[in-house]
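Structural overview for review
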Amino acid sequence: MPLRQRTPRRARRIDEETAGPPVVEEERYGPPRRPPVPEIWPWLLLFLLLVIGGLLAAYFLTRDHKHHAAGSVAVPAVVGMKQDEAARRLNERRLVPVTTAKVSKSPAGTVLAQDPGGGTEVAPHSRVALSVAALSLAQVPDVVGSKTSAALARLQAAGLTGQVTTVPAQAAAGVVVAESPAAGAKLAKGSTVSLKASRGPATVPDVRGQLAADAKGALRTAGLVPVEFQVPGTQPKGTVTAQKPLPNKKVPRGSKVRINVSTGSTGGSGGGAGTTTTSAPALQEVTVPNVVGIQQSAAQRRLHDGGLRPRVKYVPSSRPVGVVTGQNPGGGTKVKKGSTVLLAVSRGPNPSLTVVPDVSGKTQQAATTTLQNAGFKVQVLTVKPANPSQSGRVVDEQPTGTTRAPEGSTVTIYVGSG
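In short, a report on the structure. (Residues numbered from 1 in each chain as written. Predicted model: local features only at pLDDT ≥ 70, side-chain atom pairs only at ≥ 80, totals over all residues. Heavy atoms only, no water.)

Considerations on the overall build of the protein
- Of regular secondary structure, the protein possesses seven helices and 25 strands.
- Burial status across the protein gives 32% buried among its 418 residues.
- Of the roughly 25500 Å² that the protein leaves accessible, carbon and sulfur atoms contribute 55%. (Helix = DSSP H or I, 4+ residues; strand = E, 2+ residues; numbered from the N terminus. Buried < 20%, exposed > 50% of the residue type's maximum accessible area, 1.4 Å probe, protein only. Areas by Shrake-Rupley, 256 points an atom, 1.4 Å probe, with all protein chains shown as cover.)

So, in structure tokens, the structure goes:
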């Protein structure tokens, strides 16, 4: 049996000594890692987008509301007011009162009800129905086609009053062409019926052969609207060669009149044979005088003497009544003779305004009497009439008829002469 070899004890001890102490692995301590910080910029971006969206929404909603408000008006509350005061307030808001009388124990003329009610938003020129108290009712007579004096008498006989406004119409002067409320309506006794009376037709003046500026002035003086067309012609440049309607025709005031104005040549191209050019003498230029600060009547007279056509418009001002506060064109400007100069005239700090009677076409004496009876002073200036039939008659007045001017102010009438 083979013998097992034994390691000597000494050798084993040496191996143990040389092996040294056991190796121990040390673990180093480190702090625990912090959780990752959440990124905040996406939330900031989302918040910013929400803010911008809210601002845009508010802008469009506000804009739509403003646009809606701009196109509508609020109906004033007029229940309990007198009819005239209620109608005035509605008219100030560009609304149309429609009155119905109703027998009531309330004081006559008091507004009992309205539709739409106060505060309602409606479109401009909408109708507002008013129920007005009346002790007794009157039926509106049919006065269309009657003379103004006869119409007023019939309304008075029915227990009503009339308010007359003149309008352009083909009917003869002074004839009623419309009434409101219409005939047959029932109103409280003492109510007012609005009458529209014709100013009468205008006679078209003959402006052929005149310079365009003079022709336009004559047409405007007659209450007509000139419309100029440039056409070739052998007559001097700037001369009226034809007109439509023809002279002496009766047309409603405010109608348009076409005037053909020569260009000074017969037409053609390139200056070939048959083409003639005639130069008209240039219109004389004048210097506009400075009339700001002087009285209206003196300013009109100075402009008239300088070959200009003053036009008066009364404006609110703290200056004394009748003082010229502005002019256009201004003093020192060079303009063509016969040009219009607009005068802004003070109506005073506390004006009492009166309607200027329309005296166009009347004789000087008749016009003066009419204006003086209405409480105005009269200044007379003479002009060359466009039509010989206008000699001795009023061809223009400033301020114009039917406008409102301070009581006691001066109305200048231009009377045809020569």
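As for the environment of T403
- Checked against the element boundaries, T403 lands in the loop between β23 (394-398) and β24 (404-406).
- Given the relative accessible area of 29%, T403 is considered partly exposed.
- Between the C-alpha atom of T403 and that of K313, which follows or precedes it by 90 residues, the distance is 9.2 Å.
- Dropping the residues within four chain positions of it, T403 is found in contact with T354, V355 and V356. (Contact = heavy atoms within 4.5 Å.)

Notes on the pairing of strand β25 (residues 410-416)
- For β25, the tally of buried residues reaches seven of seven residues, placing the bulk of the element in the interior.
- With burial as the criterion, each face of β25 is covered, one bearing T410, T412, Y414 and G416 and the other bearing V411, I413 and V415.
- For β23 and β25, the ladder comprises four bridges, and the chain directions are antiparallel. Opposite E397, over in β25, you have I413 as the bridge partner. (Pairing = 2+ DSSP bridges.)

Overview of the pattern of salt bridges
- By the definition in use, this model includes six salt bridges.
- Across the pair E85 and R88 runs a salt bridge, and its minimum N-O distance is 2.6 Å. Of this pair, E85 and R88 both sit in helix α3 (residues 83-92), three residues apart, which is roughly one turn of that helix.
- For R88, a relative accessible area of 39% corresponds to the partly exposed category.
- Between R88 and E92 there is a salt bridge; the shortest N-O distance is 2.3 Å. Here the residue R88 and the residue E92 both occupy positions in helix α3, the gap between them amounting to four residues, near one helical turn. (Salt bridge = Lys/Arg side-chain N within 4 Å of Asp/Glu carboxyl O.)

What to know about helix α4 (residues 148-157)
- Taken as a whole, α4 has its buried residues at T148, A151 and L155. The arc that holds the buried residues of α4, viewed along the axis, is 65 degrees, so those residues lie on one side. Across α4 from its buried face, at more than 90 degrees, point the exposed residues S149, Q156 and A157.
- Here the buried face of α4 lies against β7 (161-167), β8 (176-180) and β10 (192-198).
- Where α4 terminates, the next one or two residues include G159, which has phi positive at roughly 85 degrees. (Arc of directions from axis to C-beta.)

Some words on the nonpolar core
- The biggest cluster of nonpolar side chains holds 23 residues, and the ones touching the most others in it are L303, L308, L343, L371 and I413.
- Not counting chain neighbours up to four residues away, the residues in contact with I413 comprise V359, Q364, A367, T368, L371, V378, Q379, V380, L381, V394, D396 and E397.
- Listed in part, the 14 residues of the second largest apolar core include A202, A218, L224 and V257. (Core = buried A, V, L, I, M, F, W, Y, C linked by side-chain atoms within 4.5 Å.)

A look at helix α6 (residues 296-305)
- Regarding α6, the residues found buried are Q296, A299, Q300 and L303. Looking straight down α6, one finds its buried side chains confined to an arc of 100 degrees; they lie on one side.
- For α6, the secondary structure elements touched by its buried residues are β17 (309-315), β18 (324-328), β20 (340-346), β22 (377-383), β23 and β25.

Re the sheet that holds β18
- Strand order in the open sheet made by the three strands is β17-β20-β18, with mixed pairing throughout. The strands lining the two open edges of the sheet, one partner per strand, are β17 and β18. Between one strand and the next, the sheet's axes are offset by a mean angle of 25 degrees, whatever the strand orientation.
- Examined bridge by bridge, β18 and β20 share four bridges and lie antiparallel to one another. Each residue of the ladder has a partner; that of Q327, found in β20, is L343.
- α6 contacts β17, β18 and β20 of the sheet and is inclined by roughly 160 degrees relative to β17. (Axes fitted to C-alpha atoms, helices over the stretch in contact; angles between N-to-C directions.)

Structural notes on the side chain of D396
- Inspection of the secondary structure assignment puts D396 in strand β23.
- Within polar-contact distance, the side chain of D396 engages the side chain of R311 at 2.9 Å.
- Once residues within four sequence positions are removed from consideration, D396 is found in contact with T221, R311, T412, I413 and Y414. (Polar contact = N/O pair within 3.5 Å; in protein donor to acceptor, adjacent residues only side chain to side chain.)

A few points about the sheet that holds β8
- The three strands are arranged β7-β10-β8 in an open sheet whose pairing can be described as mixed. The open sheet has two edge strands with one neighbour each: β7 and β8. The sheet shows a mean angle of 25 degrees between the axes of neighbouring strands, direction not considered.
- Where β7 lies against β10, seven bridges are found, and the strand directions are parallel. Within β10, the position partnered with Q163 by the bridge is S194.

Focus on unusual backbone geometry
- A cis geometry characterises the amide bond from D115 onward to P116, with omega recorded as 5 degrees.
- Of note, the amide linkage connecting S180 to P181 takes the cis form, showing an omega dihedral of 0 degrees.
- If you trace the backbone, P181 turns up in the loop between β8 and β9 (186-188).
- Its identity is not glycine, yet R94 carries a phi of approximately 60 degrees, on the positive side.
- Among the structural elements, R94 can be located in the loop between α3 and β2 (96-103).
- Here T402, not a glycine, exhibits a phi torsion of approximately 80 degrees, which is positive.
- As for its placement among the helices and strands, T402 is situated in the loop between β23 and β24.
- Given the relative accessible area of 32%, T402 is considered partly exposed.

These figures come from the coordinates and say nothing about function on their own.
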